[in-house]
Amino acid sequence: MKVIIAENYDDMSLKAYEIMKQVVTSKNDAILGLATGSTPIGLYKNMIADYVKGEVSYKNVKSVNLDEYIGQGVGDEQSYVEFMRNNLFNHIDIDLANTDLPSGKAVDMQAECDRYNAKLASLNVDIQVLGIGGNGHIGFNEPNTPFGSVTHVVDLTERTIKDNARFFNSIDEVPTQAISMGIKNVMNAKSILLLASGENKADAIKATVEGPVTESVPASVLQLHPNCYIVVDKAAASKLSK
Ligand code: F6R
């Protein structure tokens, strides 16, 4: 695990982009694992800015995303597919046909999990971007999800529903289930780029970096990954012992 401490959110986003840029400039058909949520928005802005400058092309890049809410899909404002289009895909030259997210609208969810797992098994993700939940979740792998898990349907915890309510008109609108890559899928990426900003992530970052590797803190599994960057701002790093 390589921990990089940034001054603030913007600096975190810049440092994260330096790592991402290395991947996408060294391999024009890189395969990106992407995340939603507030944290990677600055990274995506930097990707867009550099694309606009003509520094990078995503024409041959493929992407897969971590997760989607059950019941949400294209056209739904809070769906993760719309998030990715609004915050990244619509602003770079990636072919939408080369992007994939688990579908929250599949009629047969187990079949959709199987489809996504087969897809992930056929790809070699070069870099997986991750945020982290205040409870240490990665993707929507909540505490005590087995490290051997693959794409599955998840019941979101009360804390995650509360944390995500800020994106909805009221807490009652927050979906209670999601479909998420499993921890094993995440760990298969060649490199991992976990980002965290703000004091509300400080306990989770401490447990991830300095705590025992335990299923009760899903992100702690990243200690076992051979090529994992943890890029955090000072507030998120504030509980680290050094
Ligand atoms: C998003 C995801 C989640 C978020 C996490 C942090 O695709 O899988 O694990 O990364 O909940 O969310 P933010 O960045 O909004 O604090």
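Described in the following lines is the structure provided in the data block. Keep in mind it's a predicted model, so treat the numbers as computed, not measured. (Residues numbered from 1 in each chain as written. Predicted model: local features only at pLDDT ≥ 70, side-chain atom pairs only at ≥ 80, totals over all residues. Heavy atoms only, no water.)

1. Overview of the overall build of the protein
Keep this limit in mind: Only runs of H or I of at least four residues qualify as helices and only runs of E of at least two qualify as strands under DSSP, and these elements are numbered from the N terminus. Only protein chains enter the calculation, and the probe is 1.4 Å; a residue is then buried if its accessible area is under 20% of its type maximum, exposed if over 50%, and partly exposed in between. We call two residues in contact when some of their heavy atoms are within 4.5 Å. Using a 1.4 Å probe, accessible areas were evaluated by the Shrake-Rupley method; residue-level cover was limited to the displayed protein chains. Here Asp and Glu are counted as negative and Lys and Arg as positive; His is not counted, and neither are the chain ends. Lysine's charge is taken at NZ, arginine's at CZ, aspartate's at CG and glutamate's at CD.
Tallying secondary structure elements over the protein gives 7 helices and 10 strands in all. Dimensions of the protein along its principal axes, counting C-alpha atoms only, are 45 × 40 × 35 Å. The proportion of buried residues among the 242 residues of the protein is 55%. Long-range contacts, defined as pairs at least 24 residues apart, comprise 78% of the intrachain contacts of the protein with a sequence gap of at least 6. Counting only carbon and sulfur atoms, one obtains 49% of the accessible surface of the protein, whose full area is about 10,600 Å². A distance of 6 Å separates the average location of the 22 positive side-chain charges in the protein from that of its 30 negative side-chain charges.

2. Brief notes about the environment of Thr99
Put simply, the rule is: Two N or O atoms count as a polar contact when they lie within 3.5 Å, although within protein this holds only if one can serve as hydrogen donor and the other as acceptor, and sequence-adjacent residues are included solely when both atoms are side-chain atoms.
Residue placement: Thr99 occurs in strand E5 (residues 99-100). The class of Thr99 is buried, set by a relative accessible area of 14%. Placed 11 residues apart in sequence, Thr99 and Leu88 show a C-alpha to C-alpha distance of 11 Å. Those residues in contact with Thr99 that sit more than four places away from it in its chain are Ser63, Phe89 and Ile94. In terms of polar contacts, Thr99 uses its side chain to reach the backbone carbonyl oxygen of Leu96, at 2.7 Å.

3. Observations concerning the site of the ligand
Selection rule: Whether a residue is near a molecule or strand is decided by its heavy atoms; if any one of them lies within 4 Å of it, the residue is near.
Close to the ligand lie 13 residues, the nearest being Thr39, Asp67, His137, Gly139 and Lys201. One of the side-chain N or O atoms of Asp67 is found 2.5 Å from an oxygen atom in the ligand. The backbone of Gly139 places a nitrogen or oxygen atom 2.7 Å from an oxygen atom of the ligand. The protein chains hide 94% of the 410 Å² of surface that the ligand would expose on its own.

4. Re the sheet that holds strand E8 (residues 177-180)
Backbone hydrogen bonds hold the strands of a sheet together, and the pairing may be parallel or antiparallel. Under the convention used in this document: In short, DSSP must find at least two bridges between two strands for them to pair. Simply put, an axis is a line fit to the C-alpha atoms, just over the touching stretch for a helix, and the angle between two N-to-C directions goes from 0 to 180 degrees.
As summarised here, the arrangement of the 3 strands in space is E4-E8-E7, forming an open sheet in which the pairing is antiparallel. The sheet terminates laterally at strand E4 (67-69) and strand E7 (152-155), the two strands that pair on one side only. On average, each strand axis in the sheet is tilted by 25° relative to the strand beside it, whichever way the strands run. Pairing analysis gives 4 bridges linking E7 to E8, with the strands arranged antiparallel. Bridge pairing in E8 links Asp155 to Gln177.

5. Observations regarding the pairing of E8
Here E4 pairs with E8 via 3 bridges, running antiparallel. When the sheet's bridge partners are listed, Glu68 is paired in E8 with Ile179.

6. Remarks on the sheet that holds strand E2 (residues 31-34)
Ordered by their spatial adjacency, 7 strands build an open sheet running E1-E10-E9-E6-E2-E3-E5, and the pairing between neighbours is parallel. The open sheet has two edge strands with one neighbour each: strand E1 (2-6) and E5. Across 5 bridges, the pairing between strand E9 (residues 191-196) and strand E10 (residues 228-233) is parallel. Residue pairing for E10: Leu193 is matched across the bridge by Tyr229. Helix-sheet contacts for helix H7 (residues 202-210) involve E1, E9 and E10, and the interaxial angle to E10 is about 150°.

7. Side note on helix H2 (residues 41-52)
The condition is simple: How far a helix is expected to stretch is found by multiplying one less than its residue total by 1.5 Å.
With 12 residues, H2 extends 16 Å between its outermost C-alpha atoms, agreeing within 8% with the 16 Å of an ideal straight helix rising 1.5 Å per residue. Residues of H2 that are buried: Gly42, Leu43, Tyr44, Asn46, Met47, Ile48 and Asp50. On its buried side, H2 packs onto helix H1 (9-26), E2, helix H3 (80-87), strand E6 (127-130) and E9. Phi turns positive one or two residues past the end of H2, at Gly54, with a value near 85°.

8. A look at the side chain of Thr36
Among the secondary structure elements, Thr36 is positioned in the loop between E2 and H2. Accessibility expressed as a relative area gives 11% for Thr36, which makes it buried. Setting aside residues no more than four positions away along its own chain, Thr36 makes contact with Asn65, Asp67, Tyr80, Phe83 and Met84.

9. Section: helix H4 (residues 109-121)
Since the α-helix advances by 3.6 residues per turn, residues separated by three or four positions end up pointing in the same direction. Basically, it comes down to this: This arc is built from the directions going out from the helix axis to the C-beta atoms.
Look at H4: 18 Å from first C-alpha to last across 13 residues, which is about the 18 Å you get at 1.5 Å a residue. All of the buried residues along H4 are Met109, Glu112, Cys113, Tyr116, Asn117 and Leu120. Around the axis of H4, the buried residues are gathered within 135° of arc, so they sit on the same side. More than 90 degrees from the buried face of H4, the exposed residues found are Gln110 and Ala121. Looking at the buried positions of H4, the neighbouring elements they touch are strand E3 (62-65), E5, E7, E8 and helix H6 (183-187). Structurally, the start of H4 carries an N-cap: the backbone nitrogen of Gln110 is 3.1 Å from a side-chain oxygen of Asp108.

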